[in-house]
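Here are the chains, one letter per residue:
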Amino acid sequence: MSSISQTSVNHEASKAVETIFEKNGHRMIINYPTFKGEYNIAKLEEVRFVYVKAEVTQEMRVPVEIKEDQVLLYFCLDGTFHAYSETFGQISFISSTHNVLYTHPLKALFHFSEGTYEAFYITLPFAVFNRYFPKSETVFENFYKQMKAGYFSVLREKPGMLSVPIYRVIKEIREFTKDNEFRDIFLKGKIMELLSIQLEELCTVCDATPPARKIILEKMYRVRDFISAHLAENHSLHDLAQVVGTNEYTLKHEFKELFGTTVFGFWADLKMETAAKLLVEKEKSIAEISEVVGYKNPQHFSTAFKRKFGVSPSNYQKQL
């Protein structure tokens, strides 16, 4: 959505296979003093898939201009931020939620506080979206009428909570690596799968996530946030379960259901992703980066990094 442009760098050029963002799309690394992150985009005809991950170290406001009518299926994976515009006033994009909105060309101001942000969204022209959109349910009918009239509109004022099926589909899209005629069929199917899940969960006559389930999900998000904030530390499953007030069995089962990986698998991947980002910045030595991500022995760190990316930290840095 933003018009920010930066030099593109492929973080994972060393992989044997490439995702849709790397092979058929575009990846940008943004490296400002107060804003660091990645912006990934892939296209399927008139449809765009966008994955954004960023770290904001100082409160900032970013002007954004949308230049065309579009329907947006958005998924806030991490971080809450706010948008302001004369057209819609204020909209809050809340962490771990999703919604569908329609917008015409407009200018807005996005407000970010310090923190980490991660989002995935799909944009579609109204004509494409209209082919699959149901109009029987009242909330759907009202949304459709506003879209057809060209008014900025949100499918539901209160967004839905991200669920295991949504995380699964997003993960499948991001990790898809085949580059043949099956790609288009696969992506079209995933668009419909995501949309159908969203419409079902945003339906006015149902609440897809019971209160007890929401409490469990919130605890899993808190475990994820704790891991991110204590990356270099060592904690057992028992420790983590106690931090959020649950038991080891629930933590193991629910965390994998929600994020598609084990607690320690997530922790290890996050360490390597953080290390890769620090290698790109080139502000710390490999030994220092090893310590930042919790490896006292740089050789052990190098082994783990090569296992993840297929290349040693020093060669990874040279390739960049």
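Look above for the structure.
Since we're looking at a predicted model, the values are computed, not measured.

**Q** Is there a simple way to explain the overall build of the protein in this structure?
**A** From N to C terminus, the protein includes twelve helices and twelve strands. In the protein, which comprises 320 residues, the share counted as buried stands at 46%. Long-range contacts, defined as pairs at least 24 residues apart, comprise 66% of the intrachain contacts of the protein with a sequence gap of at least 6. Accessible surface, the protein as shown: approximately 16300 Å² in total, 51% of it carbon and sulfur.

**Q** How should the packing of aromatic side chains be read in this particular structure?
**A** Any aromatic ring pair is given by two values, namely how distant the centres are and how the planes are angled relative to each other. As enumerated under the stated definition, the model contains 24 aromatic pairs in all. Geometrically, the ring pair formed by Phe 264 and Trp 267 is stacked, given 6.3 Å between the ring centres and 10° between the ring planes. Of the two residues, Phe 264 and Trp 267 are both situated in helix H9 (residues 263–281); the distance of three residues between them amounts to about one turn of the helix. Its relative accessible area of 41% is what places Phe 264 among the partly exposed residues. An aromatic cluster is present here, built from Tyr 74, Phe 81, Phe 93, Phe 110, Phe 112 and Tyr 117 joined pairwise through their rings.

**Q** Please explain the pairing of strand E8 (residues 97–103) as it appears in this structure.
**A** The buried count for E8 comes to seven of seven residues, which makes it a mostly enclosed element. Of the two faces of E8, the one holding Thr 97, Asn 99, Leu 101 and Thr 103 and the one holding His 98, Val 100 and Tyr 102 are both buried throughout. The pairing of strand E5 (residues 70–78) with E8 spans seven bridges and is antiparallel. Across the sheet, residue Cys 76 finds its bridge partner in E8, namely Thr 97. In the sheet, E8 pairs with strand E12 (residues 160–161) via two bridges, with the strands oriented antiparallel. Bridge assignment links His 98 to a residue of E12, and that residue is Gly 160.

**Q** Explain the pattern of salt bridges to me, please; I cannot follow it from the model alone.
**A** It is possible for side chains of opposite charge to pair when their charged atoms get near one another. The tally for this structure, following the rule as stated, stands at 13 salt bridges. Between Arg 224 and Asp 78 there is a salt bridge, and its shortest N-O distance comes to 3.3 Å. One end of the pair, Arg 224, is in helix H6 (residues 211–229); the other, Asp 78, is in strand E5, with 146 residues separating them in the sequence. In this structure, Arg 224 and Asp 78 share a single accessibility class: buried.

**Q** Where do I start with the environment of Lys 158 in this structure?
**A** Mapping Lys 158 onto the fold places it in the loop between strand E11 (153–154) and E12. On a C-alpha basis, the gap between Lys 158 and Thr 97 in space is 9.4 Å, while along the polypeptide they are 61 residues apart.

**Q** Is there a simple way to explain the nonpolar core in this structure?
**A** Ranked by size, the top nonpolar core spans 71 residues in total, and within it Phe 49, Phe 120 and Phe 129 carry the most contacts. In this view, Phe 49 contacts Phe 21, Asn 40, Ile 41, Ala 42, Leu 44, Phe 120, Tyr 121, Ile 122, Ile 173, Leu 187 and Ile 191; residues no more than four positions away in its chain are not counted. In terms of nonpolar packing, the next biggest core, distinct from the first, is built from 28 residues, Val 64, Ala 83, Ile 91 and Phe 110 among them.

**Q** Can you help me understand the environment of Ile 166 in this one?
**A** By the element assignment, Ile 166 lies in helix H4 (residues 164–175). According to the relative accessible area criterion, Ile 166 is buried, its value standing at 0%. Linking Ile 166 and Glu 193, residues 27 residues apart in sequence, is a C-alpha distance of 8.9 Å. Sequence-distant contacts of Ile 166, that is, excluding residues within four places in its chain, are made with Phe 75, His 98, Leu 194, Ile 197 and Glu 201.

**Q** Explain the sheet that holds strand E9 (residues 106–112) here, please?
**A** The pairing of strands in a sheet comes from backbone hydrogen bonds and takes either a parallel or an antiparallel form. Across the sheet, which stays open at both edges, the four strands sit in the order E4-E9-E6-E7 with antiparallel pairing between neighbours. The open sheet terminates on both sides in strands that have one partner only, identified here as strand E4 (60–66) and strand E7 (89–93). Neighbour to neighbour, the strand axes of the sheet diverge by 25° on average, direction disregarded. Both strand E6 (residues 81–85) and E7 contribute to a ladder of five bridges, which runs antiparallel. Bridging from a neighbouring strand, Ser 85 pairs with Gly 89 of E7.

**Q** I'm lost on the packing of H9 against helix H11 (residues 298–309) in this one. Help?
**A** Two quantities define a packed helix pair, namely the angle between the axes and the distance from one axis to the other. At a minimum axis separation of 10 Å, H9 and H11 run at an interaxial angle of 95°. As summarised for this structure, H9 and H11 are arranged roughly perpendicular, according to the angle between their axes. Taking contact as the criterion, the partners of Asp 269, Met 272, Ala 275, Ala 276 and Leu 279 in H9 are, on H11, Phe 301, Ala 304, Phe 305, Lys 308 and Phe 309. Classifying every residue of the contact of H9 with H11 by side-chain character gives eight nonpolar, no polar and two charged.

Conventions adopted
- Residues numbered from 1 in each chain as written.
- Predicted model: local features only at pLDDT ≥ 70, side-chain atom pairs only at ≥ 80, totals over all residues.
- Heavy atoms only, no water.
- Helix = DSSP H or I, 4+ residues; strand = E, 2+ residues; numbered from the N terminus.
- Buried < 20%, exposed > 50% of the residue type's maximum accessible area, 1.4 Å probe, protein only.
- Contact = heavy atoms within 4.5 Å.
- Areas by Shrake-Rupley, 256 points an atom, 1.4 Å probe, with all protein chains shown as cover.
- Phe/Tyr/Trp six-rings, centres within 6.5 Å; stacked < 30°, edge-to-face > 60°.
- Pairing = 2+ DSSP bridges.
- Salt bridge = Lys/Arg side-chain N within 4 Å of Asp/Glu carboxyl O.
- Core = buried A, V, L, I, M, F, W, Y, C linked by side-chain atoms within 4.5 Å.
- Axes fitted to C-alpha atoms, helices over the stretch in contact; angles between N-to-C directions.
- Parallel < 35°, antiparallel > 145°, perpendicular 65-115°, else oblique.
- Nonpolar A, V, L, I, M, F, W, Y, C, P; charged D, E, K, R; others polar.

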